[in-house]
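Coordinate analysis (summary)
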Amino acid sequence: MTTITDTAATSTRLIASVPTQLFIGGTWRAAAGGATTDVVNPATEEVLASVADADVEDGVAAAEAARDAQAAWSATPARTRSEILYRAFTALMERQDELAMLMTLEMGKPLAEARGEVAYAAEFFRWFAEEAVRIDGGFSHRPDGTARTLVVRQPVGPCLLITPWNFPLAMGARKMGPAIAAGCTMVLKPAPQTPLSSLALARILQEAGLPDGVLNVVTTSRAAEVIEPILTGGIIRKLSFTGSTAVGKILLQQAAKQVVRTSLELGGNAPFIVLPDADLDVAVDAAVQAKMRNMGEACTAANRFYVHTAVSDEFAQRLAQRMSALQVGDGTQDGVQVGPMIDAASRDKVQRLVEDAVAKGATVVSGGNSVTGRGYFVEPTVLSGIAAGSELLNNEIFGPVAALQTFTDLDEVIATANDTEWGLVAYVITQDLDLALNVSERLEVGMVGVNTGLVSAPSAPFGGVKHSGLGREGGRLGIEEFLDVKYIAIPIRERGLA
Ligand code: NAP
C-alpha cells in the first residue's frame, strides 16, 4: 500500500525530472525576462514547481522557430513522421505510471483516472502514426475530356495549439498527433495550472526523434498578451483550441485577422436523458461515469439529468447511494475516487451553483456540504427538483454535482435538451434501439452516448455543434483539420508521335 511519505518522496523525484523551461527551436531555455510561474497541487495547495513564464518576445520566437522548421518537416517522408509518433506512443505507455502521478499531482484527478488518460493520450499517437501514411488525394477526368484533375493534401503550415487544464496530456496529444502526422509544425501553449504534463510530453517527443522546431512549447501566465501577437502575426496558419466558449470566441475573432483555419473544442451543457424503459443498472453506471469522470471537470460531463417520472425516484435514490459512497481525497492515495477541483475559484463556483439551485427550490438528495481543510474539495452531490431559472441549468457545473429533473413527454424533453446555446454531447438511456436512434438524431449535439456515459475515443470524431465548437478531433477526420487541399489542373491535348 502507498503511504503519504512514499508518495512525497516519489513526487519530489518525479517533479525534479521534468523540464520547467520553454522549448523553442529544439532548445530548453528560460523566459527572455527570466520570469517563472508556480504550479500548485490542488489537493494540498503546495507549490510543486516553478516553470518559465513566457512573454511576448518568447511567444514570437516560438512562432518563428515553427515557421523555420516547416519546409523541411513538410518534406519529411510520412513513414518517418509515423515512426516518431509510434515511438512516442510506446514511450508514453512505458512511462504510464510516472506520467499519471505527475498529472495527478498538478491536476488532482485520482491516479487510476490519470493512468487511463495517459493510455488515451498515447492512443492518439498510435492512431495518427497509422493515419500519417494514409493521406490520400484524388484523380479525375474533366467531363469534356480537356483536362485531368489531380487533388493533393498538404500540411496547412505552422499551428498554434492551446489547451485547458482538465485533461493535461490528452488535449495536447489529440492536437499534436494529427499535426505531426500531417507534417505541420507547432507552438503549444498549455494551461498555466498544468504545464508539467505537456513539458514531459515535449521531452518524450524530442527523444522520439521529432526534429528541432517542429514542436515549441510556451508556458505563460499571460495568455492573452502572449497569444494575440502569435495568432495575428502572419506565421500561424492554423489554430486548434480547446477551452471555454468565451475564450474560443475571442480567438475566433483574432484568427479572422489573418484568415487562420480554426478548430474549436469548447464548452458543453450535456443533457442525460433516462427514458421510461431504461435498465436502471445501466442508467446509474452511465450517470456516474458521465458525471464523475474527472470529478465532473469535463466538457462532456452530464450537466442536466432528465429522468422519466416512471423511474425518477428509484434512479435518484440509486444515484445518490453510489455518489455518496465515493471516496474523496488526494488522488495520489490508494482508494481515492474523487480528487479536488483545480483551484479555489472553481470550488467556490460549484458551491455557489448548488446554493443557488437550493435557494430556488431544489432538494438535496445527498451531499451538499462544504469541505473544510486543505485542498479544493467538493462533496459529491445529488440535487433533485431543479427549478427553471436555476443557474446550473445554463452554466457548466464543472464539478461533482448531479442536477436531476423529471419529464413525461418525449417531444418536450428533446426540446428542453436542445434549448441551450451549447451542443457538444448528449446521453440517452433506453433499451429500445429505434427510440435511441430517433432521439439521437433529434438532439442538437456533435456526439451521443447511448447506454454509456463515455463517448471519447481516439478512433472517433470528437466535437460539437452550436457554441460547442468547430471541427473534429480524432478518427479519420482528425487529420483533415491539419491538411489543405490543393487541386492541380493538367490540360491534355490529343497528340500523336511527331
Ligand atoms: P479557458 O479559460 O478557456 O482556457 C483554455 C486555455 O486558453 C488555457 O490555456 C488558457 O490560459 C487559454 N486562454 C485563456 N484566455 C486566453 C486568451 N485571451 N488568449 C489565448 N489563450 C487564452 O478554459 P479552461 O478553464 O482552462 O478549461 C475549461 C473549459 O474547457 C470548459 O469550458 C470545458 O468545457 C472546455 N473543454 C472543452 C473540451 C472539448 O473538447 N470540447 C475539452 C476539455 C475542456 P489561461 O488559463 O492562462 O488563461
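Residues numbered from 1 in each chain as written. Predicted model: local features only at pLDDT ≥ 70, side-chain atom pairs only at ≥ 80, totals over all residues. Heavy atoms only, no water.

The next subject is the overall build of the protein. Helices and strands together make up the secondary structure of the protein, namely 14 helices and 22 strands. For 498 residues, the compact-globule formula gives about 23 Å, and the C-alpha radius of gyration of the protein, at 24 Å, lands near that figure. Taken along its principal axes, the extent of the C-alpha atoms in the protein is 90 × 60 × 40 Å. Residue burial in the protein is summarised as follows: out of 498 residues, 56% are buried. Relative to all contacts within the protein whose residues are 6 or more apart in sequence, the contacts with residues 24 or more apart total 74%. (Helix = DSSP H or I, 4+ residues; strand = E, 2+ residues; numbered from the N terminus. Rg over C-alpha atoms; globule rule 2.2 N^0.38 Å. Buried < 20%, exposed > 50% of the residue type's maximum accessible area, 1.4 Å probe, protein only. Contact = heavy atoms within 4.5 Å.)

Let's shift gears to the domain arrangement of the protein. The figure often quoted for interface size is the accessible area lost as the parts come together. Per the domain assignment, the segments of the protein are domain 1 (4–266 + 468–485) and domain 2 (270–450). Of note, the centres of domain 1 and domain 2, computed from C-alpha atoms alone, are 30 Å apart. Summed over both partners, the interface of domain 1 with domain 2 buries about 2,300 Å², with 55% contributed by carbon and sulfur atoms. Per-residue buried area on domain 1 facing domain 2 is highest for Glu 45, Trp 165 and Ser 468; these three make up 22% of the total on that side. Run the count over domain 1 and domain 2 and you get zero salt bridges. Where domain 1 packs against domain 2, one counts 11 residue pairs in polar contact (both at pLDDT 80 or more). At the level of secondary structure, the elements contributing two or more residues to the side of domain 1 that touches domain 2 comprise α1 (4–16), α4 (96–107) and α5 (111–132). (Domains from an automatic or database assignment. Buried area = accessible area lost by both parts, 1.4 Å probe. Salt bridge = Lys/Arg side-chain N within 4 Å of Asp/Glu carboxyl O. Polar contact = N/O pair within 3.5 Å; in protein donor to acceptor, adjacent residues only side chain to side chain.)

Surveying the vicinity of the ligand reveals 28 residues, the closest of which are Thr 163, Arg 174, Ser 244, Leu 266 and Glu 396. Here an oxygen atom of the ligand sits 2.9 Å away from a polar atom, N or O, in the side chain of Lys 189. Between the ligand and Glu 396, the relevant distance is 2.6 Å, taken from an oxygen atom to a side-chain nitrogen or oxygen of the residue. Relative to its unbound accessible surface of 890 Å², the ligand loses 87% to contact with the protein. Mapped onto the shell around the ligand, the elements with two or more residues apiece are α6 (170–182), α8 (223–232), β10 (238–242) and α9 (245–256). If you tally residues by element for the shell around the ligand, the top one is α8, at three residues. Grouping the constituent residues of the shell around the ligand by class yields 18 nonpolar, six polar and four charged. (Near = heavy atom within 4 Å. Areas by Shrake-Rupley, 256 points an atom, 1.4 Å probe, with all protein chains shown as cover. Nonpolar A, V, L, I, M, F, W, Y, C, P; charged D, E, K, R; others polar.)

Okay, the nonpolar core next. By size, the foremost hydrophobic cluster in this structure holds 66 residues, and its most contacted members are Phe 125, Met 176, Met 186, Leu 205 and Leu 215. Top element by residues in this core is α5. It accounts for 11 residues. Each residue touching Leu 205, except ones within four places of it in the same chain, is listed here: Ala 88, Phe 125, Met 176, Ile 180, Leu 210 and Leu 215. Counting residues in hydrophobic clusters, the runner-up holds 55 residues, among them Ala 316, Val 354, Ile 386 and Tyr 427. (Core = buried A, V, L, I, M, F, W, Y, C linked by side-chain atoms within 4.5 Å.)

What follows concerns the pattern of salt bridges. For the coordinates displayed, the defined rule picks out 23 salt bridges. Where Arg 95 meets Glu 98, a salt bridge forms, and the shortest distance between an N and an O atom there is 3.5 Å. Residue Arg 95 is classed as partly exposed on the basis of its relative accessible area of 25%. Residue classification places Glu 98 among the partly exposed residues on the basis of a relative accessible area of 32%. Salt bridges linked by common partners bring Arg 95, Glu 98 and Glu 207 together as one network.

A separate point is the pairing of strand β8 (residues 186–189). Covered by surrounding structure in β8 are Met 186 and Leu 188 together with Val 187 and Lys 189, the residues of both alternating faces. Sheet analysis places strand β7 (residues 159–162) next to β8, joined by four bridges and oriented parallel. Bridging across to β8, Leu 161 finds its partner in Leu 188. Handedness of the crossover is the feature at issue here: the chain leaves β7, passes through α6, returns alongside β8, and the resulting connection is right-handed. Across three bridges, β8 lies against strand β9 (residues 215–217) in parallel orientation. Paired with Val 187 across the bridge in β9 is Asn 216. (Pairing = 2+ DSSP bridges. Right-handed = clockwise from strand over helix to strand, strands pointing away.)

To continue, consider the side chain of Thr 44. With respect to the helices and strands, the residue Thr 44 is situated in the loop between β3 (36–40) and β4 (47–52). At a separation of 3.2 Å, a polar atom in the side chain of Thr 44 contacts the main-chain amide nitrogen of Glu 46. In this structure Thr 44 touches Asp 330, Arg 374 and Gly 375, once residues within four positions along its chain are discounted.

With that settled, consider the packing of α4 against helix α7 (residues 195–207). Axes are the key here: two packed helices are described by the angle between their axes and the distance separating the axes. Across the interface, α4 lies against α7 with an axial gap of 8 Å and an inter-helix angle of 155°. By the angle between their axes, α4 is roughly antiparallel relative to α7. Where α4 abuts α7, its residues Leu 99, Leu 102, Met 103 and Glu 106 lie against Pro 195, Leu 196, Ser 197, Ala 200 and Ile 204. Along the lines of polarity and charge, the residues of the contact of α4 with α7 split into seven nonpolar, one polar and one charged. (Axes fitted to C-alpha atoms, helices over the stretch in contact; angles between N-to-C directions. Parallel < 35°, antiparallel > 145°, perpendicular 65-115°, else oblique.)

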